Amino acid sequence: MEIERKFLIKELPSNLESFQCLLIEQAYLNTDPVIRIRRQDEDYYLTYKGKGLMAREEYNLPLNKEAYLHLLPKADGNVITKKRYLIPIDHPSFAADYTLPKSPVHLTVELDIFEKPFAPLIIAEVEFPDAEMADAFLPPSWLGQDVTNDTAYHNSTLSQKVFPR
């Protein structure tokens, strides 16, 4: 089960380069149900996602590079490329900006900076172990509008967006 909330960004962290960065390319073989292929650095996956907005089933199966490259031309719509920065929400540089609820769970902001044709889109996602924690989450001030329930910000929707020539 994937339980996540999505946010637009008010401002980028000033020390963004200090966080781990993943290079992601993904494409969609189907959008209902969502069947996605992804290259994340040098790892490859086939993903099935069930219906839902904040919470939905998600299954990841490993692929090899050859299988990924074989499936890529079969994808519909846009191939999405982005840089994903993994930012621990309890990082000391945000201490003055955010008070963590008492919890043994360490949350991470996955900050996606999209490449063309989606640039300058930036979306932050935070995954949670359960819906109660997701519902109670108070985002730090650098995160903006909550777009969890807006399907326009789902990557599967973005993959189908038509851009003028």
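Please refer to the structure higher up on the page.
Within any chain, residue numbers begin from 1 and follow the written order of that chain's sequence. Whole-chain, interface and lining totals are the exception, using all residues; otherwise, since this is a predicted model, local features are given only for residues with pLDDT of at least 70 and side-chain atom pairs are given and counted only at 80 or more. Hydrogens and water molecules were not included; the side-chain quantities draw on all heavy atoms of the structure.

Q: Sorry, what's going on with the pairing of strand β3 (residues 34-40) here?
A: The two faces of the sheet receive side chains in turn, since in a regular strand these alternate between them. Among the 7 residues that make up β3, 5 are buried, leaving the element largely enclosed by the rest of the structure. As defined by bridge partners, strand β2 (residues 20-31) adjoins β3 across 7 bridges and the pair is classed as antiparallel. Residue pairing in the sheet places T31 in a bridge with V34 of β3. Between β2 and β3, which pair antiparallel in sequence order, lie 2 residues. In this analysis, strands are considered paired if DSSP registers two or more bridges between them. Numbering of helices and strands starts at the N terminus; helices are DSSP runs of H or I of at least 4 residues and strands are runs of E of at least 2. Bridge count between β3 and strand β4 (residues 43-49): 7 bridges; the pairing is antiparallel. Across the sheet, residue R39 finds its bridge partner in β4, namely Y44. Burial status follows relative accessibility: with a 1.4 Å probe on protein chains alone, a residue under 20% of its type maximum counts as buried, one over 50% as exposed, and anything between as partly exposed.

Q: When you look at the side chain of E25 in this model, what are you seeing that I'm missing?
A: Structurally, the position occupied by E25 is in strand β2. With relative accessibility at 16%, the residue E25 sits in the buried group. In terms of polar contacts, E25 uses its side chain to reach the side chain of Y68, at 2.6 Å. With residues near it in sequence (within four places) discarded, E25 still touches I37, R38, R39, Y68, L72, V79, I80 and T81. A 3.5 Å cut-off defines polar contacts: any pair of N or O atoms within that distance qualifies, except that in protein one atom must be a possible hydrogen donor and the other a possible acceptor, and neighbouring residues in sequence count only when both atoms are side-chain atoms. Note on definitions: a residue-residue contact is assigned when non-hydrogen atoms from the two residues lie within 4.5 Å.

Q: What is the right way to read the pattern of salt bridges from this model?
A: When their charged atoms lie close together, side chains carrying opposite charge are able to pair. The salt bridge criterion pairs a side-chain nitrogen of Lys or Arg with a carboxyl oxygen of Asp or Glu, the two atoms within 4 Å. For the structure shown, the criterion picks out 11 salt bridges. One salt bridge connects E2 with R56, and the closest N-O pair in it is separated by 3.8 Å. Of the two residues, E2 sits in strand β1 (residues 2-9) while R56 sits in strand β5 (residues 55-56), which places them 54 residues apart along the sequence. Of the two residues, E2 and R56, neither departs from the other in class, the shared state being buried.

Q: Explain unusual backbone geometry to me, please; I cannot follow it from the model alone.
A: With glycine set apart, most residues show a phi of negative sign, and most peptide bonds adopt trans. Looking along the chain, the bond that leaves D32 and enters P33 is cis, with omega of 5°. Relative to the elements of secondary structure, P33 occurs in the loop between β2 and β3. Cis geometry marks the peptide bond from A119 to P120; its omega dihedral reads 20°. Examined against the element boundaries, P120 turns out to sit in the loop between β8 (108-114) and β9 (122-127). Even without a glycine there, the phi angle at D41 is positive, about 55°. Tracing the backbone through its elements, the reader meets D41 in the loop between β3 and β4. By relative accessible area, D41 is classed as partly exposed at 29%.

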